[in-house]
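Survey of secondary and tertiary structure
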Amino acid sequence: MAGGTDLAIAVSGEGDGPAAMVGRMRARLVVLVSGAGTNLQALIDACADRSYGATVVAVGADRPGIEGLARAERAGVPTFVTRVADHPARAAWDRALAETVAAFDPDLVVSAGFMKLVGPAFLDRFEGRFINTHPALLPAFAGMHGVQDALDYGVKVTGCTVFMVDAGTDTGPVIAQAAVPVRDDDDVATLHERVKVAERALLVDTVGAMARGGWSVQGRKVKVGR
Ligand code: GRF
């Protein structure tokens with residue numbers, strides 16, 4: 001699966017944040033999942049077109065037996081599972097996850113429904129190239145229950161956010177967002193499904209744009225493309 005990656009990534013530290021330009025034929029993606037993996041599937045499907053500019057070189061999970069891993073296996077993408085329970089402490093799990101991901105030499109690490117917060121070892125290693133997707137318009141409704149919280153609050157518009165991961169919970173710089181209407185008869189399942197349709201499209205568009213055009217992070221401002 002990995003291939004067409006014959007040039008090196010160049011990362012320079014300008015201003016108060018890193019700037020990254022993927023100088024490979026295709027950017028190498030490692031995707032982290034914990035569940036159904038429909039966002040992963042959208043990325044795998046997009047990567048089938050060489051002009052997309054990226055390739056999924058590995059899929060990692062914090063638990064075995066999930067559909068996200070099965071999707072990777074069906075696509076012929078290498079997988080790995082790094083379980084917290086297999087490590088003596090959370091910090092050891094964090095270091096092991098960082099080492100395992102680093103071995104695949106990713107340009108971009110994508111958390112796509114990965115339900116674990118990583119720690120300093122992982123964040124330091126992948127600073128400025130670790131992104132996540134959240135099913136709400138951050139900074140509104142951060143945390144595990146973004147869809148439920150938006151519904152409970154009574155907002156008429158919610159959405160999804162792709163952002164750079166930092167040490168907080170869903171607090172990193174925003175890369176891209178899309179709005180989704182809330183209907184009067186929505187429940188969590190119907191609203192989440194509508195959000196996920198937008199989320200998959202946003203993630204695919206954003207990762208592709210980053211892979212093809214590079215990106216820079218200056219404080220809280222993320223610029224994609226030149
Ligand atoms: C997405 O809505 C993601 O934002 C949230 O969990 C969902 C994962 O969906 N954290 P999937 O596993 O990609 O289908």
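Details of the structure are given in the entry above.
Residues numbered from 1 in each chain as written. Predicted model: local features only at pLDDT ≥ 70, side-chain atom pairs only at ≥ 80, totals over all residues. Heavy atoms only, no water.

**Examining the pattern of salt bridges**
Our working rule: By definition here, a salt bridge exists when the distance from a side-chain nitrogen of Lys or Arg to a carboxyl oxygen of Asp or Glu is within 4 Å.
Within the structure shown, the criterion is met by seven salt bridges. The closest approach of N and O atoms between Arg 83 and Asp 86, which form a salt bridge, is 3.1 Å. Counted as one network, the salt bridges with shared partners bring together Asp 62, Arg 63 and Lys 116.

**Description of the environment of Val 30**
Quick reminder of the rule: Note on conventions: DSSP H or I runs of at least 4 residues are helices, E runs of at least 2 residues are strands, and numbering of each starts at the N terminus. Two residues form a contact once any of their heavy atoms are found within 4.5 Å.
As for its placement among the helices and strands, Val 30 is situated in strand β3 (residues 27-33). If we skip the residues at most four places from it in the chain, Val 30 touches Val 57, Ala 58, Phe 80, Val 101, Phe 104, Pro 106, Leu 108, Val 109 and Val 110.

**Some thoughts on the sheet that holds strand β6 (residues 108-111)**
The line we're drawing: When DSSP finds two or more bridges between a pair of strands, those strands are recorded as paired. Between N-to-C directions, angles span 0 to 180 degrees; the directions come from axes that are lines fitted to C-alpha atoms, helices contributing only their stretch in contact.
Across the sheet, seven strands lie side by side as β5-β4-β3-β6-β7-β8-β9; this open sheet has mixed pairing. Every interior strand has two partners, whereas the edge strands, β5 (79-81) and β9 (174-181), have only one. In this sheet, adjacent strand axes meet at a mean angle of 20° when their direction is disregarded. Across the sheet, helix α2 (residues 67-74) lies against β3, β4 (54-61) and β5, angled at about 155° from β5, the strand it touches most.

**A few points about the packing of helix α1 (residues 38-47) against helix α6 (residues 188-213)**
Rules: Note on terminology: angles under 35 degrees are roughly parallel, angles over 145 are roughly antiparallel, angles of 65 to 115 are roughly perpendicular, and the others are oblique. Note on convention: the crossing is left-handed when the near helix lies turned anticlockwise from the far helix by less than a right angle, right-handed when the turn is clockwise.
Two elements in contact, α1 and α6, have axes separated by 9 Å at closest approach and are oriented at 40°. Put simply, α1 runs oblique to α6. The crossing of α1 and α6 is right-handed. Counted together, Thr 38, Asn 39, Ala 42, Leu 43 and Ala 46 of α1 and Lys 196, Glu 199, Arg 200, Leu 203, Val 204 and Val 207 of α6 form the full contact between these two elements.

**Observations regarding the state of the cysteines**
Each disulfide consists of one covalent bond between the sulfur atoms belonging to two cysteines. Worth spelling out the cut-off: The definition used for a disulfide is geometric: two cysteine sulfur atoms within 2.5 Å. Summary of the burial criterion: residues with accessible area below 20% of their type's maximum are buried, those above 50% are exposed, and those between are partly exposed, where the area comes from a 1.4 Å probe applied to protein chains only.
Applying the stated criterion to the full structure yields zero disulfides. Of all cysteine sulfurs, the one in Cys 47 lies closest to Cys 160, which takes part in no disulfide; the gap is 19 Å. By relative accessible area, which is 0% here, Cys 160 ends up buried.

**With respect to the layout of surface pockets**
Condition: Any residue with an atom within 4 Å of a point lines the site, the site being either a cavity, points on a 1 Å grid over the protein atoms alone where a 1.4 Å probe fits but cannot get out, or a pocket, an open set with protein on both sides within 12 Å along at least 5 of 7 lines. Grid points are joined across faces, edges and corners, and a volume is the space filled by probe spheres set on the points. Polarity classes work like this: nonpolar for Ala, Val, Leu, Ile, Met, Phe, Trp, Tyr, Cys and Pro, charged for Asp, Glu, Lys and Arg, and polar for all others, with Gly in that last group.
Put simply, the largest pocket is a space of about 740 Å³. In terms of lining, the largest pocket is formed by 39 residues, of which the most central are Gly 113, Phe 114, Met 115, Thr 133 and Pro 135. Elements with a contribution of two residues or more to the lining of the largest pocket: α1, β7 (130-134), α5 (146-153) and α6. Class assignment of the residues belonging to the lining of the largest pocket gives a composition of 15 nonpolar, 19 polar and five charged.

**Focus on the site of the ligand**
As a reminder, the rule being used: When at least one non-hydrogen atom of a residue lies within 4 Å of a molecule or strand, that residue is treated as near it. Polar contact is the term for a pair of N or O atoms within 3.5 Å; when the atoms are in protein, one must be able to donate a hydrogen and the other to accept it, and sequence-neighboring residues count only if both atoms are side-chain atoms. Areas reported here follow the Shrake-Rupley algorithm with a probe of radius 1.4 Å; residue values treat only the protein chains shown as occluding. Think of it this way: if more than half of a molecule's atoms are within 2 Å of a pocket's grid points, that molecule is in the pocket or cavity.
For the ligand, the full set of nearby residues is Ala 36, Gly 37, Thr 38, Asn 39, Gly 113, Thr 133, His 134, Pro 135, His 192, Lys 196 and Glu 199. Here an oxygen atom of the ligand and a backbone polar atom of Thr 133 are 3.3 Å apart. In the complex, the protein chains occlude 88% of the 370 Å² of accessible area that the ligand would expose alone. With respect to the pocket detection grid, the ligand is positioned in the largest pocket. Those elements that provide at least two residues to the shell around the ligand are α1, β7 and α6. Ranked by residue count, the leading element in the shell around the ligand is α6, at three residues. Taken together, the residues that form the shell around the ligand break down as two nonpolar, seven polar and two charged.

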